[in-house]
Amino acid sequence: TKSVKHDQTELVFAVPNQLNLFRINTFSSKEPETLEWIDSIPEGTVLWDVGANVGTYSLYAASREGVQVLAFEPEASNYFVLTRNVALNGMWDRIKTYCMALSDETSLSELSLFHTAIGGSKHAFGDPEESWEEDDPIVFQQGMIGFSIDGLIEQFGCPVPNHIKIDVDGIEEKIIAGARKTLRNPKLQSILLELQAHKPEEADAMKADLVDAGFSLDLDAGANVIYRRASPATTDGLKAPNR
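None of the values given here were measured: they were computed from a predicted structure.

1. With respect to the overall build of the chain
Then, in step 1: Of the regular secondary structure elements, the chain holds 8 helices and 13 strands.
Then, in step 2: Compactness check: the chain gives a C-alpha radius of gyration of 17 Å against a globular reference of 18 Å for 243 residues, within 12% of the reference.
Then, in step 3: Dimensions of the chain, computed from C-alpha atoms along their principal axes, come out at roughly 50 × 40 × 35 Å.
Then, in step 4: Looking at the chain as a whole, 53% of its 243 residues are labelled buried.
Then, in step 5: Taken as two groups, the 21 positive and 37 negative side-chain charges of the chain have centres that lie 7 Å from each other.

Pasting the structure below:
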């Protein structure tokens, strides 16, 4: 294990390989916009971390007073380390972990892995060609169940998220499509998602869905973008300025 400190928050992470060590060593520098977004989340709110990997950002969010996290990670070895990290930090009362994929429908499918490194990413649920690694050979396929965000809330009564982070390296647009009802729920206040530069049509579709649901672009950090629910002054179709 190894501890990391960011501002006044100290967390402990399992270190099964060099990739996880890299994640820990770059905790404060890899995605500063994600940490700043988490810092803006108020007390008493619910965050859904879709594509939680080993829980780097789930744990940081749960370290904030009164923040509840639902962490979704389908890849088996990542999920093991995710739950280990939750246990190491005594956060099982604040983070609920689920080994499942989110998409646009309920389905029983496969998670295609293009490598088996613990802490890895860029795998594909459903169609393997959805992955960023679509030109690489599949090394393993893991059976996996998928749900839409709307379906999870309707079927199981999951708490409606106040904030959602989506980072799955492939089917972000399907996850947004499967959350059209939730997107219109005023409880949902912000969404951080990763856009794929090589899929501009899908990125445009996601942006259109978000704007149509009442969100405005708040921050464009390149790969990561943040949308927040528009104030009454911006719901007339005007885009909020970038920060």
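2. Description of unusual backbone geometry
Then, in step 1: Its identity as a non-glycine residue notwithstanding, Asp7 has a phi of 55 degrees, on the positive side.
Then, in step 2: Examined against the element boundaries, Asp7 turns out to sit in the loop between strand S1 (2-6) and strand S2 (9-13).
Then, in step 3: Positioned with a positive phi, Asp169 is a non-glycine residue whose angle comes to about 60 degrees.
Then, in step 4: Considering the arrangement of structural elements, one finds Asp169 in the loop between strand S10 (163-166) and helix H6 (172-177).

3. Concerning the environment of Thr45
Then, in step 1: Counting through the fold element by element, Thr45 comes out in the loop between helix H2 (32-39) and strand S3 (46-50).
Then, in step 2: Residues Thr45 and Gln68 lie 23 residues apart in sequence; the distance between their C-alpha atoms is 6.4 Å.
Then, in step 3: If we ignore the near neighbours within four places in the chain, the residues touching Thr45 are Gly66, Val67, Gln68, Asn162 and His163.

4. Examining the packing of aromatic side chains
Then, in step 1: Overall, the coordinates contain 5 aromatic pairs when judged by the stated rule.
Then, in step 2: Seen from their ring centres, Trp48 and Phe72 are 5.2 Å apart, and the 50 degrees between their planes marks the pair as tilted. A residue pair is termed long-range when its members are at least 10 positions apart, and Trp48 in strand S3 and Phe72 in strand S4 (residues 68-72) qualify at 24 residues. Pair check on accessibility: Trp48 and Phe72 agree, each one buried.
Then, in step 3: Each member of the aromatic cluster is reached from another via a ring pair, and the members are Phe13, Phe27 and Tyr60.

5. Notes on the pairing of strand S12 (residues 215-220)
Then, in step 1: With 5 of 6 residues buried, S12 is to be regarded as a mostly interior element.
Then, in step 2: As defined by bridge partners, S12 adjoins strand S13 (residues 224-229) across 5 bridges and the pair is classed as antiparallel. In the strand pairing of S13, Leu219 is matched with Ile226.
Then, in step 3: Hairpin geometry of S12 and S13 is characterised by an intervening segment of 3 residues between the two adjacent antiparallel strands and by a positive phi of about 100 degrees at Gly222.

6. Quick notes on the sheet that holds S4
The strands making up a sheet associate through backbone hydrogen bonding, with each pair oriented either parallel or antiparallel.
Then, in step 1: In spatial order, the strands read S5-S4-S3-S10-S11-S13-S12; together these 7 strands make up an open sheet with mixed pairing. Of all the strands in the sheet, the pair left with one neighbour each is strand S5 (95-98) and S12. Across the sheet, the axes of successive neighbouring strands diverge by a mean angle of 15 degrees, strand direction being ignored.
Then, in step 2: In this sheet, S13 lies alongside strand S11 (residues 190-194) in antiparallel orientation, the contact comprising 5 bridges. By the bridge assignment for S13, Ile191 is matched with Tyr227.
Then, in step 3: Relative to S13, H2 is tilted by about 20 degrees, and along the sheet it contacts S3, S10, S11, S12 and S13.

7. A word on the pattern of salt bridges
Note that side chains of opposite charge can pair when their charged atoms are close.
Then, in step 1: Evaluated as defined, the whole model comprises 8 salt bridges.
Then, in step 2: Lys30 serves as the salt-bridge partner of Glu31, at 3.5 Å between the closest nitrogen and oxygen.
Then, in step 3: The class of Glu31 is buried, set by a relative accessible area of 8%.
Then, in step 4: Close ionic contact of Asp209 with Arg180 constitutes a salt bridge, the shortest N to O distance being 3.3 Å. Taken together, the residues span a long stretch of sequence, with Asp209 in helix H8 (residues 200-212) and Arg180 in helix H7 (residues 180-183) at a distance of 29 residues.
Then, in step 5: By relative accessible area, Arg180 is classed as partly exposed at 42%.

8. Some words on the sheet that holds strand S9 (residues 140-148)
Then, in step 1: Spatially, S6-S9-S7-S8 is the arrangement adopted by the 4 strands of the open sheet, whose pairing is mixed. Edge positions in the sheet fall to strand S6 (101-103) and strand S8 (124-125), since each has one partner strand and no second.
Then, in step 2: The pairing of S6 with S9 spans 3 bridges and is classified as parallel. Directly across from Ser103, in S9, lies its bridge partner Ser148.
Then, in step 3: Together, S6 and S9 form the strand contacts of helix H5 (residues 149-156), whose direction differs from that of S9 by roughly 65 degrees.

Calculation rules
Residues numbered from 1 in each chain as written. Predicted model: local features only at pLDDT ≥ 70, side-chain atom pairs only at ≥ 80, totals over all residues. Heavy atoms only, no water. Helix = DSSP H or I, 4+ residues; strand = E, 2+ residues; numbered from the N terminus. Rg over C-alpha atoms; globule rule 2.2 N^0.38 Å. Buried < 20%, exposed > 50% of the residue type's maximum accessible area, 1.4 Å probe, protein only. Lys, Arg positive; Asp, Glu negative; His and termini not counted. Charge placed at Lys NZ, Arg CZ, Asp CG, Glu CD. Contact = heavy atoms within 4.5 Å. Phe/Tyr/Trp six-rings, centres within 6.5 Å; stacked < 30°, edge-to-face > 60°. Pairing = 2+ DSSP bridges. Axes fitted to C-alpha atoms, helices over the stretch in contact; angles between N-to-C directions. Salt bridge = Lys/Arg side-chain N within 4 Å of Asp/Glu carboxyl O.

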